Amino acid sequence: MNRTDILNNFVYDTRGNEFKEISEIKMREILEDYYFTGKTIKKIIEENQLRIKSSELYKKFPKLTNKSTCKYDEQKIYLTLPSRENFKHFSIDIEKFECSECGHRNMVGCMCRNCQDSYRMKIKQAYSLETKVSLESCCLKDRLALATLLQYTFTNSCEEEIGPSEQYSEIEDSAFFDMRMELERLIAKGIIGVSASSDLSSFPIDDQFPNSFYSDRVKYKLNLAMEDEYYLFNSLKYLTNTVPMDDQEKNDIWRYIVVNELIRLTEYQMDKFDFLYQHENDRDKLFNLFNRLLGNLIPAQIYALICCGVRRAYISKKEAVWENYKYSHVDLIIANIEQIFLLKFNNYEEIKRYDYPNEVRPILYTKIYFEQILLKPNWFVEKVPDVAIGGN
């Protein structure tokens, strides 16, 4: 830091009351002694007969100015001087100067009251939600996601704001297999929209503002065209009217849900025996395995294989005979499941059925689909339709 930056740019009139009897020339000397000559703070106070604690001295120094003014109220902008200890990190960058009236700084992300008002206006313009989406444009997957969202967040009317979703993040049972993905899809289709009253912290203040946002922090509103709002809302939340669907979409979602529920049950068993995901594609491996097995087995039978496969893996671990599988727990479990299945299949032996465990509950997305849409509460013991999974 160049001493002239301080000694030639401080504003004498902004000094604290403790320096009211100190001349401008003397003030310059005190600043020089404090920051540049190495004179002790105690000696500076004594020589100038100041009535102030050593730790408070720098807080009463005059502020620096760069001759600029605030763009909102044309008041001068100032920079507060640091303590001696922090002086080595001190700089007089333009974005550090602050308006004495409103606190504005010439920087991206300034949160003075004027900038906040400006941000809020831009958000209202960007998320006015004037263009509504018709209910007829919503597919089965949209209706399922929307019903899950409305029930999960306890939303009770069309006008009520939804979320933010992060406030539900500590609930033990999630409503979705991937809540962020479902939210982003509903937003992209215009079925729900970002509420203009969302907290400012929900929007990164950058070059993309306000078009980018944190999907788990913003609040949402329904963006559907509605004539009878009460009737339509109840049909959306509780699916009180018939949901149109085609067999392909119905069966794709069915299989997608069952496979992901089986993955959840695998994770439950893995947790019991201290097995871990160790590779990025471990979950994908389980997905592919269960998708294949559903061609021959019902979910209850696959869960039986999962339990046996995990327990067999635990025995290998306990007896230290699992070799390189200790670096890939999921591969060991998959190998065990496939071996047990092939043995039973080749010997024409029936695979037992295990009930869905009481310690784990199907997620809300699953319950709504099978209990409220398909009316199949016994889905765990039913054969999944043999249709290729499509885009889920």
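So, here's what we can say about the structure. Just so it is clear, the structure is predicted and the values come from calculations on it, not from any experiment.

Calculation rules
- Residues numbered from 1 in each chain as written.
- Predicted model: local features only at pLDDT ≥ 70, side-chain atom pairs only at ≥ 80, totals over all residues.
- Heavy atoms only, no water.
- Helix = DSSP H or I, 4+ residues; strand = E, 2+ residues; numbered from the N terminus.
- Rg over C-alpha atoms; globule rule 2.2 N^0.38 Å.
- Contact = heavy atoms within 4.5 Å.
- Areas by Shrake-Rupley, 256 points an atom, 1.4 Å probe, with all protein chains shown as cover.
- Lys, Arg positive; Asp, Glu negative; His and termini not counted.
- Charge placed at Lys NZ, Arg CZ, Asp CG, Glu CD.
- Axes fitted to C-alpha atoms, helices over the stretch in contact; angles between N-to-C directions.
- Parallel < 35°, antiparallel > 145°, perpendicular 65-115°, else oblique.
- Left-handed = near helix turned anticlockwise from the far one by under 90°.
- Expected span 1.5 Å × (residues − 1).
- Nonpolar A, V, L, I, M, F, W, Y, C, P; charged D, E, K, R; others polar.
- Buried < 20%, exposed > 50% of the residue type's maximum accessible area, 1.4 Å probe, protein only.
- Polar contact = N/O pair within 3.5 Å; in protein donor to acceptor, adjacent residues only side chain to side chain.
- Pairing = 2+ DSSP bridges.
- Salt bridge = Lys/Arg side-chain N within 4 Å of Asp/Glu carboxyl O.

1. What to know about the overall build of the protein chain
Check the secondary structure of the protein chain and you find 12 helices and five strands. Here the C-alpha radius of gyration of the protein chain, 33 Å, is well above what a compact globule of 392 residues would show, namely 21 Å. Principal axes of the C-alpha set define a box for the protein chain whose edges measure 100 × 65 × 30 Å. In the protein chain, once contacts between residues fewer than 6 apart in sequence are set aside, the share between residues at least 24 apart is 72%. With the model as given, the accessible surface of the protein chain reaches about 21400 Å², and the carbon-plus-sulfur share is 46%. Of the charged side chains in the protein chain, 53 are positive and 61 negative; the average position of the first set lies 5 Å away from that of the second.

2. Some remarks on the packing of helix 10 (residues 299-318) against helix 11 (residues 329-346)
Where helix 10 contacts helix 11, the axes come no closer than 8 Å and their chain directions differ by 120°. It follows from the interaxial angle that helix 10 and helix 11 lie oblique. Judged by the sense of rotation from one axis to the other, the crossing of helix 10 with helix 11 is right-handed. Listed contacts from helix 11 to L305, I306, C308, G309, V310, R312, A313 and S316 of helix 10 are L332, I333, N336, I337, Q339, I340 and F341.

3. Examining helix 9 (residues 282-293)
The end-to-end C-alpha distance of helix 9, which contains 12 residues, comes to 17 Å, matching closely the 16 Å that a straight helix rising 1.5 Å per residue would cover. Summarising the contacts, the buried residues of helix 9 are in contact with helix 8 (247-272), helix 10 and helix 11.

4. Things to note about the packing of helix 5 (residues 140-152) against helix 7 (residues 229-238)
Viewed as axis vectors pointing N to C, helix 5 and helix 7 meet at an angle of 100°, and their least axial separation amounts to 7 Å. The pairing of helix 5 with helix 7 is recorded here as roughly perpendicular in orientation. Within the contact between the two elements, helix 5 uses R143, L146, A147, L150 and Q151 and helix 7 uses F233, S235, L236, K237 and Y238. Class assignment for the residues of the contact of helix 5 with helix 7 results in six nonpolar, two polar and two charged.

5. Section: the side chain of N48
Note that N48 resides in the loop between helix 3 (41-47) and strand 1 (64-69). Residue classification places N48 among the buried residues on the basis of a relative accessible area of 11%. Polar contacts involving the side chain of N48 include one to the main-chain carbonyl oxygen of I44, which spans 2.8 Å. Ignoring sequence-local partners within four residues, the contact set of N48 consists of I22, K26 and I30.

6. Re the sheet that holds strand 3 (residues 98-99)
The three strands are arranged 1-2-3 in an open sheet whose pairing can be described as antiparallel. Each having just a single partner strand, strand 1 and strand 3 make up the two edges of the open sheet.

7. Details of the pairing of strand 1
Judged from the three bridges that link them, strand 1 and strand 2 (residues 76-79) form a sheet pairing that is antiparallel. Opposite L64, over in strand 2, you have L79 as the bridge partner. Between strand 1 and strand 2, which follow one another and run antiparallel, lie six residues, and E74 among them has a positive phi close to 60°.

8. Digging into the pattern of salt bridges
In this structure the tally under the stated criterion is 20 salt bridges. Notably, a salt bridge pairs K39 with E47, separated by 2.9 Å at the nearest N-O pair. Look at K39 and you get partly exposed, because its relative accessible area is 22%. E47 gets classed as partly exposed once you look at its relative accessible area, which sits at 44%. With a closest N to O distance of 2.4 Å, R185 and D142 form a salt bridge. Of this pair, R185 sits in helix 6 (residues 179-188) while D142 sits in helix 5, and the two are 43 residues apart along the sequence. For the residue pair R185 and D142, the accessibility class agrees, reading buried in each case. Here the residues in one salt-bridge network are D142, E182, R185 and K189, joined through shared partners.

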